[in-house]
Amino acid sequence: MDSSTSTPTLRRARLIDLLFYASGGIGEGLVYVFLLRFAGSFFETHLGISPEQVGMLVLAPRLIDAFTDPLMGAWCDRHSSRFGRFRPYIQYGVYLMGASLVFLFIDWGQTPATTLALAYIFYIGNQLFSTIVKVPYLSAMPILTQDPKQRVLAFSLKFTFTSILIIPVMAVIGNIIQYNTETGSNVNAYLYVAIVLAVLLIGVMSLVARSLKHSDTKEYWDSQPEASPTL
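Conventions adopted
- Sequence order as written defines the numbering, with residues in each chain counted from 1.
- The model is predicted, so local features are restricted to residues of pLDDT at least 70 and side-chain atom pairs to those at 80 or more, both for listing and for counting; the totals for chains, interfaces and linings are taken over all residues.
- Values shown for side chains rest on all heavy atoms present in the structure; no hydrogens or waters enter the calculation.
- Axes here mean lines fitted to C-alpha atoms, for a helix over just the part in contact, with angles spanning 0 to 180 degrees between N-to-C directions.
- Under the DSSP-based scheme used, a helix requires at least four consecutive residues in state H or I and a strand at least two consecutive residues in state E, with every element numbered from the N terminus.
- Throughout, the term roughly parallel applies to angles under 35 degrees, roughly antiparallel to angles over 145, roughly perpendicular to angles from 65 to 115, and oblique to all others.
- Put simply, a crossing is left-handed when the front helix is turned counterclockwise from the back one by less than a right angle, and right-handed when it is turned clockwise.
- Pairs of residues are marked as contacts when any of their non-hydrogen atoms sit within 4.5 Å.
- When residues are sorted by character, Ala, Val, Leu, Ile, Met, Phe, Trp, Tyr, Cys and Pro go into the nonpolar class, Asp, Glu, Lys and Arg into the charged class, and all the rest, Gly among them, into the polar class.
- Note on ring pairs: Phe, Tyr and Trp rings are taken, using the six-membered ring of Trp, and paired if centres are within 6.5 Å. Classes follow the plane angle, with under 30 degrees stacked, over 60 edge-to-face and the rest tilted.
- Each residue is assigned to one of three classes by its accessible area relative to the maximum for its type, calculated with a 1.4 Å probe on protein chains only: buried under 20%, partly exposed between the two thresholds, exposed over 50%.
- For patch building, the residue pool is restricted to those with more than 30% relative accessible area and no salt bridge; the joining distance is 9 Å between like charges and 5 Å between nonpolar side chains (Val, Leu, Ile, Met, Phe, Trp, Tyr).
- To measure how exposed things are, a 1.4 Å probe is used in the Shrake-Rupley method; for residues, cover is taken only from the protein chains shown.
- Here a salt bridge means any side-chain nitrogen of Lys or Arg lying within 4 Å of a carboxyl oxygen belonging to Asp or Glu.
- In this scheme, a helix's expected span is set at 1.5 Å multiplied by one less than its residue total.
- What the bend at a residue measures is the angle between two axes, fitted to the seven residues ending there and to the seven starting there.

### Re the packing of helix 3 (residues 87–104) against helix 4 (residues 112–139)
Closest axis-to-axis distance for the helix 3/helix 4 pair is 8 Å, and the angle between their directions is 155°. Taken as axis vectors, helix 3 and helix 4 run roughly antiparallel relative to one another. Handedness of the crossing formed by helix 3 with helix 4: left-handed. Contacts between helix 3 and helix 4 involve Tyr89, Ile90, Gly93, Val94, Leu96, Met97, Ser100, Leu101, Phe103 and Leu104 on the former and, on the latter, Ala119, Phe122, Tyr123, Gly125, Asn126, Phe129, Ser130, Ile132, Val133, Pro136 and Tyr137. The class makeup of the residues in the contact of helix 3 with helix 4 is 16 nonpolar, five polar and no charged.

Put into structure tokens, the structure is as follows:
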């Protein structure tokens, strides 16, 4: 081996950037589980949608995801802006994702047909905006750091943060909704929980975008025109 050959230096992220990146899993995970556990009961008890219609409503975005996820991944891999390749979707798409989450849990007081149509619009919209945010979020890891150990650490932190919080937070949400139901309150507890989660989601995804500020840049992509990062 030629001793004069230098070993390429891996670009590494700061610890704070790894923590900021991993924090995105908190908002993403809590919103996903909240929808999984409580959206169906809200549709039935507050909106009067039948269980059969709820089943179709929940299934529709899953079928759409089969096409939108790879399309979003391909788009990100081929297009960049002066703000980077992934950051714009993470930083600004999350506002649409949060807004659609809140709108989904509003009882608009319309006719049954209109109520069902609005539920489809906001539920599918939320899943589409989720794809716009989450696909770039996961795809950005290879440019955050080139160090395999740091990548493992970031994903481990993401999993740990989410796992620690999901069970107690969902238990609290369940108790709030149950208490609200048992007391016969007219307050839409689902909506207030959705607002809190939307604010949390926007906050942590802003931290994710901040963690990529020095790596996902126009200068980086201009210097690597053939680069197409994948996990």
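### Some remarks on the packing of aromatic side chains
Evaluated as defined, the whole model comprises 11 aromatic pairs. Taken together, a centroid distance of 5.6 Å and an interplanar angle of 40° make the contact between phenylalanine 34 and phenylalanine 38 tilted. Of the two residues, phenylalanine 34 and phenylalanine 38 both sit in helix 1 (residues 15–45), four residues apart, roughly one turn of that helix. Residue phenylalanine 34 is classed as buried on the basis of its relative accessible area, which comes to 0%.

### Regarding the packing of helix 1 against helix 3
The packing of two helices is summarised by the inter-axis angle and the distance between the axes. Contact geometry for helix 1 and helix 3: axes closest at 11 Å, N-to-C directions at 25°. Looking at the two axes, helix 1 sits roughly parallel to helix 3. In terms of crossing hand, the pair formed by helix 1 and helix 3 is left-handed. Packed against helix 1, whose contacting residues are Val31, Leu35, Phe42 and Phe43, the element helix 3 presents Met97, Leu101 and Leu104 at the interface. Its residues assigned to classes, the contact of helix 1 with helix 3 comprises seven nonpolar, no polar and no charged.

### Focus on a nonpolar patch on the surface
Together, Leu15, Ile16, Leu19 and Leu153 make up a nonpolar patch on the protein surface, roughly 310 Å² of accessible area in all. Top element by residues in the nonpolar patch is helix 1. It accounts for three residues. Counting through the fold element by element, leucine 153 comes out in helix 6 (residues 148–182). Judged by relative accessible area, leucine 153 falls into the partly exposed class, the value being 35%.

### Thoughts on the environment of aspartate 65
Within the secondary structure layout, aspartate 65 lies in helix 2 (residues 51–78). Since its relative accessible area comes to 15%, aspartate 65 is described here as buried. Taking the C-alpha atoms as reference points, aspartate 65 and threonine 160, separated by 95 residues in sequence, lie 26 Å from one another. Residues contacting aspartate 65, with those up to four places away along its chain left out, are Pro70, Gln127 and Thr131.

### Regarding helix 3
The end-to-end C-alpha separation of helix 3 is 26 Å, in line with the 26 Å expected for 18 residues at 1.5 Å each. Maximum bend of helix 3: about 35°, positioned at glycine 93. Here helix 3 has its buried residues at Arg87, Pro88, Ile90, Gly93, Val94, Met97, Gly98, Ser100, Leu101, Val102 and Leu104. Structurally, helix 3 contributes buried residues whose contacts are with helix 1, helix 4 and helix 7 (189–211).

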